[in-house]
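Listed below, chain by chain, are the residues.
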Amino acid sequence: MKIIENASDLAKVISDLRAEGKTVGFVPTMGALHEGHLSLVKRSKESNDVTVISIFVNPTQFNNADDLKKYPRTLEADCTLLETIGGVDIVFAPNVDTMYPADYNYIPIDLGTMDQVMEGKFRPGHFQGVVQVVKRLFDLVNPHNAYFGQKDFQQVAVIRFMVNHFNLPLNIVSCPIIRSEEGLALSSRNARLSEDEKQEALIISQTLYGMMERVDTKTPKELVIWGTDQIKNAGLEVEYIEIVNPNTLESLTDEWVPSTVCCVTAYCGDVRLIDNMVLN
Ligand code: AMP
């Protein structure tokens, strides 16, 4: 695997590969890799000649300085894990100055209501930071296909919006959530959970599966109340539970629409966990 830290080195390698007619698949990450990330890498390797993964903890998408400080940084272990699935062609591991040089100018785009609901509401500025970093990475990596996890359901919607906004010539591929055997959605933040907390956190996915079973007999509003109680009673602090239209992210109260998604964010101790599921 080539590990590249420098933007101009990356640009040179990519333009040579593209000149040879190679297709480029790209998986942007913040590292501390797990099976969820690997599923995106595998998907990219199946469909492209070349796979690039980026590992960069992007400061501009953190609205909480402590969360940024505590975010795990494990480049060596990440490369070892990538080797277990045959590696990738390029690991792009830039530093902050490479990503945001002094002359780099990013003008925020209007994300409309997408930036005001759920993650947008509770993490002010988060999605502008996500759009900024992903746009910059797309400019540097110039991929044909880019792979994102449905785990960050709202993020995929925002990225698709951004790609349309800038009319970028690439495909966004959304991949299913990978869970532990017991159901916990894999996340780099899970490394900060104690063994007891990992058990307690299972209530999140159990609640989502429980909601799925109750779709035929309850309204979205009733299920939000039921789900909130389930998670609170298990000792977690619920930040929000929203049942939304998957296309508009509009909150549903009385009626179901096809492929309704329930999004949950809850704190287990001081670790913020997110999960979601298509309910019907
Ligand atoms: P992150 O490193 O957390 O920024 O995540 C990088 C990419 O991996 C994002 O597209 C995430 O949605 C995706 N991802 C994270 N966890 C999972 C998971 N459990 N299953 C599938 N994709 C995931």
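All figures in this text were calculated on a predicted structure; none of them were measured in a lab. (Residues numbered from 1 in each chain as written. Predicted model: local features only at pLDDT ≥ 70, side-chain atom pairs only at ≥ 80, totals over all residues. Heavy atoms only, no water.)

Brief notes about the site of the ligand
Moving on, step 1. Around the ligand sit 17 residues in total, of which Met30, Gly149, Asp152, Ile178 and Leu186 are the nearest.
Moving on, step 2. Between the ligand and Ile178, the relevant distance is 2.9 Å, taken from a nitrogen atom to a main-chain nitrogen or oxygen of the residue.
Moving on, step 3. Across the complex, the protein chains shield 92% of the 490 Å² of accessible surface that the ligand would expose by itself.
Moving on, step 4. Contributions of two or more residues to the shell around the ligand are made by β2 (24-29), α2 (35-47) and β5 (145-149).
Moving on, step 5. Considering each element in turn, the shell around the ligand owes the most residues, three residues, to α2.
Moving on, step 6. Counted by class, the shell around the ligand contains nine nonpolar, six polar and two charged residues. (Near = heavy atom within 4 Å. Polar contact = N/O pair within 3.5 Å; in protein donor to acceptor, adjacent residues only side chain to side chain. Areas by Shrake-Rupley, 256 points an atom, 1.4 Å probe, with all protein chains shown as cover. Helix = DSSP H or I, 4+ residues; strand = E, 2+ residues; numbered from the N terminus. Nonpolar A, V, L, I, M, F, W, Y, C, P; charged D, E, K, R; others polar.)

Considerations on the sheet that holds strand β6 (residues 171-175)
Moving on, step 1. Pairing in this open sheet of six strands is parallel, and the strands run β1-β4-β3-β2-β5-β6 from one edge to the other. Strands at the two margins of the open sheet, each flanked by one partner only, are β1 (2-4) and β6. Adjacent strand axes in the sheet meet at a mean angle of 25°, parallel and antiparallel pairs treated alike.
Moving on, step 2. Its contacts with the sheet put helix α8 (residues 153-166) on β5 and β6, and the angle it makes with β6 is roughly 175°. (Pairing = 2+ DSSP bridges. Axes fitted to C-alpha atoms, helices over the stretch in contact; angles between N-to-C directions. Contact = heavy atoms within 4.5 Å.)

With respect to the pairing of β5
Moving on, step 1. With five of its five residues buried, β5 lies for the most part within the structure.
Moving on, step 2. Judged by which residues are buried, β5 turns out to be covered on both faces: Asn145, Tyr147 and Gly149 on one side and Ala146 and Phe148 on the other are all buried.
Moving on, step 3. Sheet topology note: the β2/β5 ladder contains two bridges and is parallel. Within the sheet, the bridge partner assigned to Phe26 lies in β5 and is Ala146. (Buried < 20%, exposed > 50% of the residue type's maximum accessible area, 1.4 Å probe, protein only.)

Quick look at the pattern of salt bridges
Moving on, step 1. Under the defined criterion, the tally for this structure stands at 14 salt bridges.
Moving on, step 2. Close ionic contact of Glu195 with Lys198 constitutes a salt bridge, the shortest N to O distance being 3.5 Å. Of this pair, Glu195 and Lys198 both sit in helix α9 (residues 195-200), three residues apart, which is roughly one turn of the helix.
Moving on, step 3. Residue classification places Glu195 among the exposed positions, given a relative accessible area of 57%.
Moving on, step 4. The class for Lys198 is partly exposed, based on a relative accessible area of 28%.
Moving on, step 5. With a shortest N-O distance of 2.6 Å, Arg272 and Glu239 are connected by a salt bridge. Of the two residues, Arg272 is situated in strand β9 (residues 271-278) and Glu239 in strand β7 (residues 237-244); the sequence distance between them amounts to 33 residues.
Moving on, step 6. Classification of Arg272 as buried rests on a relative accessible area of 13%.
Moving on, step 7. Sharing partners across several salt bridges, the network here consists of Asp66, Asp67, Lys70, Arg189, Arg192 and Asp270. (Salt bridge = Lys/Arg side-chain N within 4 Å of Asp/Glu carboxyl O.)

Some remarks on the sheet that holds strand β8 (residues 261-268)
Strand-to-strand pairing in sheets goes through backbone hydrogen bonds, with the strands running parallel or antiparallel.
Moving on, step 1. Read across the sheet, three strands follow the order β7-β8-β9 without closing on themselves; strand pairing throughout is antiparallel. Two strands lie at the open edges of the sheet, namely β7 and β9, each paired on one side alone. Here the strands of the sheet are splayed against their neighbours by 10° on average, with no regard to which way each runs.
Moving on, step 2. As paired strands, β7 and β8 are joined by seven bridges and run antiparallel to one another. Residue Ile241 lies in a different strand from β8, and its bridge partner there is Val264.
Moving on, step 3. Each of β7, β8 and β9 is contacted by helix α10 (residues 202-214), which is oriented at about 20° to β9, the strand it contacts most.
Moving on, step 4. Contacting β7 and β8, helix α11 (residues 220-233) crosses the sheet at an angle of about 155° to β7.

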